[in-house]
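Breakdown of the fold
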Amino acid sequence: MEAIMRNLFLTMAKSQTANRLAKRYGLRFGAQRFVAGESIKHAVKTTQQLNDQGLKVTLDHLGESVYTRDEAAQATADCIQTLDVVKEANLDMYLSIKLTQLGLDIDENLCYDHARKIVSRAAENGYFVRIDMEDYAHNATTFRLFHKLHAEFPNQIGLAIQACLHKSKQDLAELGKKGVNVRLVKGAYKESSEVAFPDKTDVDKQFIDLLEQHLTSGSFTAIATHDETVIHHIKQFIEKQDIPKERYEFQMLYGIRTQLQLNLVKEGYPVRVYVPFGTDWYAYFMRRLAERPANVSFVLRSMFKK
Ligand code: FAD
């Protein structure tokens, strides 16, 4: 049943019509639990509150699967505005971006120009940019553009790698050699068994292997998970291997396992929270429901709340 629900939400995440309606009608159905708000003002307020609790932040100006040049240019301008506003407010954060939001499905060169503008402004303002990893259909192009940007801005840009993919072990080995700052995740998209492990046990196993591999590569590792078993294992691994705090951080999503985030801070671990904001919340929200179909209960509650 859980697998059916997961597939249903991941399929729903791709609906352009539902996405358009969601944008028009605003944050609904309990999405506020996972999304900081629709405007940059909300993002700044949330970042400030999290920073005050000792949590670092990565901001995601929500958006993906953009198919017009105007929308891709607007998304680029929004990301640049975000970098300017947070600098003005002197906030501790970095930016996460998705290449399909910047026009990857329209024209690879256009997307590169947009991403380059964002990373240049981040460099000027002293911020770091992480490219999120989207579905497998965009994996090769994401790598291509990442390598181009990384060659020019080696200290300003990092990438996310998904443990669910067979190819990730090899990809990570190459990124480790280049000293790339990597965020490791299990993977949030529906993929075919030709390219990804269909069984969650295998994903969990590869996730631990990849975390250990990158932590010992000498490069920076963002351990992005809410899985307490993994976190417990990695805490012991870090201690045993004597990995300094400058070389890793735990990362979690806004609205998920909030107490666990604060507990890690209390124990002295570096923790960063991924804070999405904006009107394009629908697909992101569907993926959060897919990860834990039990979340549907609060969607239902929010629908019947006056
Ligand atoms: P799971 O085994 O799925 O979950 C472990 C426990 O965490 C669950 O038992 C539950 O208690 C809690 N939990 C997990 N998800 C939820 C939820 N939605 N609601 C409530 N509780 C939950 N994926 C990508 O494909 N590309 C990316 O670029 C990407 N970036 C990410 C950045 C960050 C900072 C994080 C934390 C995740 C990111 N993801 C990304 C999502 C990731 O791939 C997983 O889908 C997600 O993190 C759930 O996996 P988990 O590691 O928490 O483990």
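Since the model is a prediction, treat every value here as computed from it, not as a measurement.

Definitions and cut-offs
Residues numbered from 1 in each chain as written. Predicted model: local features only at pLDDT ≥ 70, side-chain atom pairs only at ≥ 80, totals over all residues. Heavy atoms only, no water. Salt bridge = Lys/Arg side-chain N within 4 Å of Asp/Glu carboxyl O. Helix = DSSP H or I, 4+ residues; strand = E, 2+ residues; numbered from the N terminus. Buried < 20%, exposed > 50% of the residue type's maximum accessible area, 1.4 Å probe, protein only. Axes fitted to C-alpha atoms, helices over the stretch in contact; angles between N-to-C directions. Parallel < 35°, antiparallel > 145°, perpendicular 65-115°, else oblique. Contact = heavy atoms within 4.5 Å. Nonpolar A, V, L, I, M, F, W, Y, C, P; charged D, E, K, R; others polar. Core = buried A, V, L, I, M, F, W, Y, C linked by side-chain atoms within 4.5 Å.

1. Remarks on the pattern of salt bridges
- Considering all chains together, one arrives at 18 salt bridges under this definition.
- Residues R69 and D107 are paired through a salt bridge, measuring 3.7 Å at the closest nitrogen-oxygen approach. In this pair, R69 is assigned in helix 4 (residues 69-88) and D107 in the loop between strand 2 (93-97) and helix 5 (108-125), connecting sequence segments 38 residues apart.
- For R69, a relative accessible area of 46% corresponds to the partly exposed category.
- Between D209 and K205 there is a salt bridge; the shortest N-O distance is 3.3 Å. With D209 and K205 both in helix 8 (residues 200-215) and four residues apart, the pair spans about one turn of that helix.
- K205 sits in the exposed class, given a relative accessible area of 54%.
- Among the ionic contacts, a cluster of salt bridges with common partners joins D60, K98, D132 and R183.

2. Looking at the packing of helix 1 (residues 2-12) against helix 11 (residues 282-291)
- With their axes 8 Å apart at the nearest point, helix 1 and helix 11 run at an angle of 175 degrees to one another. As summarised for this structure, helix 1 and helix 11 are arranged roughly antiparallel, according to the angle between their axes. Note on element contacts: helix 11 touches helix 1 through Y282, M286, R287, L289 and A290, opposite R6, F9, L10 and M12.
- Residues of the contact of helix 1 with helix 11, tallied by class, amount to seven nonpolar, no polar and two charged.

3. Remarks on the nonpolar core
- By size, the foremost hydrophobic cluster in this structure holds 73 residues, and its most contacted members are L59, L99 and F250.
- If sequence neighbours within four positions are ignored, F250 has contacts with I223, I231, I234, K235, I238, L264, Y269, P270, V271 and R272.
- Within the second largest apolar cluster, 20 residues are counted, among which are A13, A22, V35 and M286.

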